Amino acid sequence: MALLLSALSLVGLAFIAWLTVDGLLAIARRRRAEQSRRPRRLRVAARSEVAGELLCLQLVAADGKPLPAFAAGQHLLLGAPAGRNGSTIRRAYSLAAWNPAPSAYALGIKREAQGAMTQWLWQHLQPGTEIEASPPQGNFVLDSAPEPLVLIGGGIGITPMRAMLHAALAAGRPVTLFQLARDQASLLYGEEFAMLATRHSQFTYWPQLSRPADDWSGARGRIDAAQIIDVLGGSAGRFYLCAGNAVMDALQAGLVGQGVDAAAIHREAFGAAGGAGLSGLRLAVEQGGREQVFATAGEPTLLAALEANAVALPSECRAGSCGQCAVRLAEGEVDWLVQPEHPVGDGEILPCVCTARSNLRLAVA
Ligand code: FES
């Protein structure tokens, strides 16, 4: 009997020890995961500009520690005091180059006449200055399927495509890049792509300009799905799209119509949709039991109006895809700038893709 009791207590002790170790390991895992999501300070190691349109930055860790690796297509969320009265604005920027063990993160930031954040970045980010940045994040990443890759990037949407191209070339995967731009000056990274196409036989580069100068000898006009399939010689492949929502909507529907499997099409919207931005409308915002009231000042989206008045919302995609910026519309009417990809609940709106049509009352969780 005594033997049985001591055996049982040994089993009990072992069980308690296992629970304790398991619990401690779980806490350590949670801490590590939290730390890896925490923003950190990055320092500008190099800065250059392309044709006054694109700000190219190389960012290194301000504390000198190694930077986490990332998947091609991911982005950083930069935070800067670019709002009215110095309020923090956070905005996602795609990593514009890929390396399996990055010593720096490359960003390509387009100048936007209306964008308070991009204006701030262009003005303040000089070599040696620091900025808050999230770790690389986002689900718009290359899959590991063996099929050929088809990358379609419009405007500044070429930046994640450039990182994906680097990863595809490193993996020896067949890849075709369609770059859609207005004219030669807006063909960002075009020289690099043309050079890579001469060096890698598995890479085809297809730039297409909607309003080129007379001396442009490449493809002209707006591309459509039939033309893409024609260039590819078939509909097989994994398709990655990053451009304005309207362009992606048309291409996605067209590609499916041309026989591309809908599940093989991946897309990422970028940048804030731009609305007409009415001025002088009254916005009442309830948050944490307080109410703030202010007036719109022609901001292109409701999110921009909120941020300009120090109402901080998480806003990873700024294009209606992630759902992070959702707020409750208690009173008033909004205009949706695009059909959002993320589902919205009853009485909910996504301020990143809405403008105010009337005075509004919003409830922020
Ligand atoms: S920021 Fe992603 S839906 Fe608004």
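Residues numbered from 1 in each chain as written. Predicted model: local features only at pLDDT ≥ 70, side-chain atom pairs only at ≥ 80, totals over all residues. Heavy atoms only, no water.

Asker: I would appreciate a short explanation of the pairing of strand E8 (residues 175-181) in the present structure.
Answerer: Every regular strand shows the same layout, with side chains that alternate between the two sheet faces. In terms of residue burial, E8 counts as a mostly covered element, since seven of its seven residues are buried. Of the two faces of E8, the one carrying Val175, Leu177, Gln179 and Ala181 and the one carrying Thr176, Phe178 and Leu180 are both buried. In this structure, strand E7 (residues 149-154) lies alongside E8, joined through six bridges in parallel fashion. The residue bridging isoleucine 152 from the neighbouring strand is phenylalanine 178, located in E8. At this point the chain moves from E7, through helix H3 (residues 158-171), to the parallel E8, and the crossover so formed is right-handed. Summarising the sheet, E8 and strand E9 (residues 203-209) pair through seven bridges and their orientation is parallel. Within the sheet, the bridge partner assigned to valine 175 lies in E9 and is phenylalanine 203. Between E8 and its parallel partner E9, the chain crosses via helix H4 (residues 190-199), and the hand of that crossover is right-handed. (Buried < 20%, exposed > 50% of the residue type's maximum accessible area, 1.4 Å probe, protein only. Helix = DSSP H or I, 4+ residues; strand = E, 2+ residues; numbered from the N terminus. Pairing = 2+ DSSP bridges. Right-handed = clockwise from strand over helix to strand, strands pointing away.)

Asker: Is there a simple way to think about the side chain of arginine 318 in this case?
Answerer: Assignment of secondary structure puts arginine 318 in the loop between helix H7 (302-308) and strand E15 (327-331). Polar contacts involving the side chain of arginine 318 include one to the side chain of glutamate 307, which spans 2.8 Å. At 3.1 Å, the side chain of arginine 318 forms a polar contact with the side chain of serine 315. (Polar contact = N/O pair within 3.5 Å; in protein donor to acceptor, adjacent residues only side chain to side chain.)

Asker: Just checking my understanding: could you explain the packing of aromatic side chains for this structure?
Answerer: Aromatic ring pairs are described here by two measures, namely the spacing of the ring centres and the angle between the planes. Under the defined criterion, the tally for this structure stands at five aromatic pairs. For the ring pair phenylalanine 203 and tyrosine 205, a centre distance of 6.4 Å and an interplane angle of 35° mean the geometry is tilted. Exposure remark for phenylalanine 203: the relative accessible area of 4% places this residue in the buried category. According to the relative accessible area criterion, tyrosine 205 is buried, its value standing at 15%. Taken together, the aromatic side chains of Tyr189, Phe193, Phe203 and Tyr205 make up a single cluster linked through ring pairs. One Lys or Arg, arginine 111, reaches over the ring of tryptophan 122 and ends 4.0 Å from the middle of that ring. (Phe/Tyr/Trp six-rings, centres within 6.5 Å; stacked < 30°, edge-to-face > 60°. Lys NZ or Arg CZ within 6 Å of the ring centre and 35° of its normal.)

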